[in-house]
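A structural walkthrough
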Amino acid sequence: RLEGLSLSGHALQEIVVAEGNSTYTMPCDALILAPGHSARDTFRMLRDAGAAMEQKPFAMGVRIEHPQHIINEAQYGKGFDSRLPAADYKLSAHLKNGRGVFSFCMCPGGYVVNASSEPGFTVVNGMSNHGRDSENANSAIVVSVTPEDYPGDDVLAGVEFQRALEKKTFELGRGKIPVQRLEDFCTNRKTEEFGKVHPCTKGEVVKENLKNILPPAISNGIMEGMKQFGRKIKGFDDGDTLLLGTETRTSSPVRILREDTFMSPVCEGLYPCGEGAGYAGGIMSAAMDGLRVALAIARERKE
């Protein structure tokens, strides 16, 4: 685990590495720093070490679940050939208040996963097995947030914004995934009974009212977005659609700054890269950013 950086002037000289209960230093004059968007300990270490960083917009919301056959019929038409794969979708809309709302990480025939990474905090994600053969389709429905929404000017204020929602989610669900019907969400009441849709999850669920967690800008954005999406995919905004909370980690809330050379402006030899560094929004874009950084280092070494 990366624990620290040692500089000679402004040039990277060594990195501090933790392994088990011990630490050691490793000579290093070129470090590709590719943390995930949840590498909060690394973000804190970099901030305290004086790395050039800034707040960054991202998006937050919930996971939603529909019966997969509803998505299949909407995308393929009734009477579709059963040999076709589980259908997916990708949706986006602009809200009246200027924010964006969109689907993210759609998982056909998948599961909503309790992906918590800290004690006392709950966050959800989505996954599909190879067969994509669970009863439900799921995706995140998320609303854009900006540094103006964050609680302060610290470079990690976006992380604290995430953690505040994740803590509320844990407390509301008592460690389980809180789930709510869309109709109940829109009328601001706790779900008592499921309708046509039952959750497919990795982790236990509890019926609750997600309005008790989400800021009004996100709640209202989800409701407005679901109405717009219902005009694009029939049944998308059915009242029995399930909302599961909360999806807070669509991308990194910080950006580790770099110049056109892909190198940090304050640490020669440090190459921020990928999603956690703020330069990608998913697996493929992170892979492409890795290629760009590798080529930049190769060009520099060749010269």
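Residues numbered from 1 in each chain as written. Predicted model: local features only at pLDDT ≥ 70, side-chain atom pairs only at ≥ 80, totals over all residues. Heavy atoms only, no water.

Okay, the packing of aromatic side chains next. Tallied over the entire structure, the rule returns five aromatic pairs. For the pair Phe-229 and Phe-236, a centre-to-centre distance of 6.0 Å together with 90° between the ring planes defines the contact as edge-to-face. This pair shows no difference in class: Phe-229 is buried, exactly as Phe-236 is. Cluster of aromatic residues (ring-pair linked, three or more members): Phe-58, Tyr-150 and Phe-161. Above the plane of the ring of Tyr-111 lies Lys-202, whose end atom (NZ or CZ) is 4.4 Å from the centre. Across from the ring centre of Phe-194, 4.8 Å away, lies the NZ or CZ of Lys-207, which sits over that ring. (Phe/Tyr/Trp six-rings, centres within 6.5 Å; stacked < 30°, edge-to-face > 60°. Buried < 20%, exposed > 50% of the residue type's maximum accessible area, 1.4 Å probe, protein only. Lys NZ or Arg CZ within 6 Å of the ring centre and 35° of its normal.)

Further remarks concern helix α3 (residues 157–173). With 17 residues, α3 should cover 24 Å at 1.5 Å per step; its first-to-last C-alpha distance of 24 Å lies within 8% of that length. Those residues of α3 lying buried are Ala-157, Gly-158, Val-159, Phe-161, Gln-162, Arg-163, Leu-165, Glu-166, Thr-169, Leu-172 and Gly-173. Phi for Arg-174, located one or two positions after α3, is positive at around 55°. (Helix = DSSP H or I, 4+ residues; strand = E, 2+ residues; numbered from the N terminus. Expected span 1.5 Å × (residues − 1).)

Glancing now at unusual backbone geometry. That bond from Gly-245 to Thr-246 is cis: its omega, -20°, falls within 30 degrees of zero. Its location among the elements puts Thr-246 in strand β15 (residues 242–247). With a phi close to 55°, Cys-105 is a non-glycine residue in the positive phi region. Note that Cys-105 resides in strand β8 (residues 100–107).

Time to look at the nonpolar core. Counting residues in hydrophobic clusters, the biggest one holds 34 residues, and the most contacted among them are Ile-222 and Phe-236. Secondary-structure elements contributing two or more residues to this core are β6 (58–67), β8, β11 (136–145), α3, α4 (182–186) and α5 (216–230). Among the elements that make up this core, the one with the highest residue count is α5 (five residues). Those residues in contact with Phe-236 that sit more than four places away from it in its chain are Ile-64, His-66, Ile-71, Tyr-89, Leu-91, Ile-141, Met-226, Phe-229, Gly-230 and Thr-241. (Core = buried A, V, L, I, M, F, W, Y, C linked by side-chain atoms within 4.5 Å. Contact = heavy atoms within 4.5 Å.)

Another point: the side chain of Ser-219. With respect to the element layout, Ser-219 can be found in helix α5. Since its relative accessible area comes to 2%, Ser-219 is described here as buried. Leaving out residues up to four positions away in the same chain, Ser-219 has contacts with Phe-185, Lys-211 and Leu-214.

Bringing the sheet that holds strand β13 (residues 201–202) into the picture now. Spatially, three strands are ordered β10-β9-β13 in an open sheet, and the strand pairing comes out mixed. The open sheet is flanked by β10 (124–127) and β13, the only strands paired with a single partner. Two elements, strand β9 (residues 111–114) and β10, share four bridges in a ladder whose sense is antiparallel. Within β10, the position partnered with Asn-114 by the bridge is Val-124. (Pairing = 2+ DSSP bridges.)

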